[in-house]
Amino acid sequence: MWGGDIQNTISESTEHSHQSINTSVNSLTESTLCIFHHTTNQGKGAALRTGITHASGDIVIIQDADLEYDPNEYPKLLAPFEKGVADVVFGSRFASGDSHRVLYFWHRMGNGLLTLLSNMMTNLNLTDMETCYKVFKREIIQSITIEENRFGFEPEITAKIAKLKGIRIYEVGISYYGRTYEEGKKIGIKDGFRALWAIVKYRFKA
């Protein structure tokens, strides 16, 4: 997770002992990189919860470490903020003519179904709710309590963003370089069912 132009914040999980967090700070040419390390792998949502809490820049960009999404496209994601028209930007794998790797048919169908159900609950018209690339004004994302520890983060944050009054949400087309399970892809059918539950849960939860 990258936090704006003043401080870059990365939160990651590894499989060791319990939940203590170690911090190391490295000086870069234009910013400070702070690495917050979970000694126990708690999942994507837990890592983002830690990183977002410590972010201090103006804009927060979520970046998965597997690089299925291209950091060179940050300027494209930031453009609506620079124009002053957006509070939140979703990077869509399905709303562009950019390149994407051809992979699993049923993953695409499942993604479409989850996006459709999420849109029905939130009254948004997103094309890719499950995208990694979600970009926020820092004060907005830090005002939201993240409860999900794994991939349920995606429908949770979408539902909670949709409830904010006057929020301006944009989608930007992005490229996608997906991985196979042999290459290390982690998300599975259990995460899909959790996402379904999260879509319903956070629609009605105050």
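Look a little higher up for the structure.
Quick look at the structure, then. (Residues numbered from 1 in each chain as written. Predicted model: local features only at pLDDT ≥ 70, side-chain atom pairs only at ≥ 80, totals over all residues. Heavy atoms only, no water.)

**A few points about the nonpolar core**
Working step 1: Leu77, Val89, Tyr133, Val135, Phe136, Ile157 and Ile161 are the most contacted members of the largest nonpolar core, which totals 34 residues.
Working step 2: Those elements that provide at least two residues to this core are α1 (44-54), β5 (59-61), α2 (74-82), β6 (88-92), β7 (134-137), α4 (138-141), α5 (153-162) and α6 (189-204).
Working step 3: Ignoring anything within four residues of it in the chain, the contact list for Tyr133 reads Ile61, Ile62, Gln63, Tyr69, Asp70, Pro71, Tyr74, Leu77, Val89, Phe90, Gly91 and Ile174. (Core = buried A, V, L, I, M, F, W, Y, C linked by side-chain atoms within 4.5 Å. Buried < 20%, exposed > 50% of the residue type's maximum accessible area, 1.4 Å probe, protein only. Helix = DSSP H or I, 4+ residues; strand = E, 2+ residues; numbered from the N terminus. Contact = heavy atoms within 4.5 Å.)

**Brief notes about α6**
Working step 1: Compared with the 22 Å implied by 1.5 Å per residue over 16 residues, the 24 Å span of α6 between its first and last C-alpha is a close match.
Working step 2: Residues of α6 that are buried: Asp191, Ala195, Ala198, Ile199 and Tyr202. Angular distribution of buried residues about the axis of α6 spans 105°; they occupy a single face of the element. Across α6 from its buried face, at more than 90 degrees, point the exposed residues Ile189, Lys190, Phe193 and Phe204.
Working step 3: On the buried face of α6, the contacting elements are α3 (105-122) and α5. (Expected span 1.5 Å × (residues − 1). Arc of directions from axis to C-beta.)

**Quick notes on the environment of Gln142**
Working step 1: Relative to the helices and strands, Gln142 resides in the loop between α4 and α5.
Working step 2: By relative accessible area, Gln142 is classed as partly exposed at 31%.
Working step 3: Residues in contact with Gln142, not counting those within four places in the same chain, are Ile52, Thr53 and Ala55.

**As for the packing of aromatic side chains**
Working step 1: Scanning the entire structure with this criterion turns up four aromatic pairs.
Working step 2: With 5.2 Å between their ring centres and 55° between their planes, Tyr69 and Tyr133 make a pair best called tilted. Taken together, the residues span a long stretch of sequence, with Tyr69 in the loop between β5 and α2 and Tyr133 in the loop between α3 and β7 at a distance of 64 residues.
Working step 3: Between the aromatic rings of Tyr74 and Tyr133, the centroid separation amounts to 6.0 Å while the plane-to-plane angle is 70°, which identifies the pairing as edge-to-face. (Phe/Tyr/Trp six-rings, centres within 6.5 Å; stacked < 30°, edge-to-face > 60°.)

These values are about where atoms sit, not about what they do.
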